[in-house]
Amino acid sequence: MAVLEPNLQYLHKLPNGMSTLVIIPLSTSKCMSKGKTGNKRSALAEVVTREYTIHLHKSVFGASFKKRAPRAVKSIREFAKVNMGTTDVRMDPQLNKLLWARGIKAVPHRIRVRLARRRNDDEAATEKLYTHVSYVPVSSFKGLQTQQVDE
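Residues numbered from 1 in each chain as written. Predicted model: local features only at pLDDT ≥ 70, side-chain atom pairs only at ≥ 80, totals over all residues. Heavy atoms only, no water.

Student: Just give me the short version of the nonpolar core, but keep the residues and values in it.
Tutor: The biggest cluster of nonpolar side chains holds 20 residues, and the ones touching the most others in it are L56, I76, L99, I111, V113 and V133. At the level of elements, β3 (49-55), α2 (68-84), β4 (89-91), α3 (93-100) and β5 (110-119) are the ones that each hand at least two residues to this core. Here the element with the most residues in this core is α2; it accounts for 6 residues. Residue contacts for L99: discarding those within four places in its chain leaves L56, A72, V73, I76, M91, V107, P108 and I111. (Core = buried A, V, L, I, M, F, W, Y, C linked by side-chain atoms within 4.5 Å. Buried < 20%, exposed > 50% of the residue type's maximum accessible area, 1.4 Å probe, protein only. Helix = DSSP H or I, 4+ residues; strand = E, 2+ residues; numbered from the N terminus. Contact = heavy atoms within 4.5 Å.)

Student: Before we move on, could you go through the environment of S134 and cite the residues and values that matter?
Tutor: Relative to the elements of secondary structure, S134 occurs in strand β6 (residues 129-135). Sequence separation between S134 and L95 is 39 residues; the distance between their C-alpha atoms is 5.9 Å. When residues no more than four places from it in sequence are discounted, the contact partners of S134 are D92, R112, V113 and R114.

Student: Any details on the packing of α2 against α3? Residues and values, ideally.
Tutor: For the pair α2 and α3, interaxial distance at closest approach is 9 Å and the crossing angle is 140 degrees. The two elements α2 and α3 cross, and the hand of that crossing is right-handed. Contact with α2, carried on its side by A69, P70, A72, V73 and I76, involves L95, N96, L99 and W100 of α3 and no other residues of that element. Within the contact of α2 with α3, the residues separate by chemical class into 8 nonpolar, 1 polar and no charged. (Axes fitted to C-alpha atoms, helices over the stretch in contact; angles between N-to-C directions. Left-handed = near helix turned anticlockwise from the far one by under 90°. Nonpolar A, V, L, I, M, F, W, Y, C, P; charged D, E, K, R; others polar.)

Student: Kindly report on the packing of aromatic side chains, identifying the contributing residues and their values.
Tutor: Inspection of the entire model under this criterion finds 1 aromatic pair. Their ring planes at 85 degrees and their centres at 5.2 Å tell us that Y52 and F79 sit as a pair that is edge-to-face. Here F79 lies in helix α2 and Y52 lies in strand β3, a separation of 27 residues in the sequence. (Phe/Tyr/Trp six-rings, centres within 6.5 Å; stacked < 30°, edge-to-face > 60°.)

Student: Residue-level account of the pairing of β3, with values.
Tutor: Strand direction decides the pairing type here: β3 and β5, joined by 7 bridges, are antiparallel. The residue of β5 that forms the bridge with R50 is L115. Two elements, β3 and strand β7 (residues 147-149), share 3 bridges in a ladder whose sense is antiparallel. The residue of β7 that forms the bridge with E51 is Q147. (Pairing = 2+ DSSP bridges.)

Structure (structure tokens):
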């Protein structure tokens with residue numbers, strides 16, 4: 001004999017005069033559980049390298065001229081933090097020089113970068129992983145998509 005789970009039932013009136021019966025389960029079944037248990041694979045545990053195209057113009061448009069290059073650097077850091085899941089983001093000096101090459105107010109509209117999630121070898125580090133952001137030179141941004149890079 002099956003045990004019936006408690007449900008919340010009510011009649012929902014529709015605008016055309018009809019009504020429907022709505023049933024909402026009250027049990028703490030899999031769909032209602034807040035925490036996921038089992039074999040959850042951590043995205044942070046993997047060491048991976050990907051190439052992305054970042055549209056910098058979206059982040060620096062509307063910024064005053066004296067804040068454009070610093071805002072571009074901050075937006076690249078934020079992009080790396082979100083996409084790689086690490087709070088420790090380290091930028092390559094070559095990438096920084098490229099961003100500042102045309103001055104503080106003439107930041108490139110797009111940039112191709114390689115984001116590498118690496119293990120932190122420092123014993124006193126609070127984070128186990130960090131992200132290294134480096135510049136990838138390309139002739140054109142047409143048709144480029146995110147690519148996984150094997151190192």
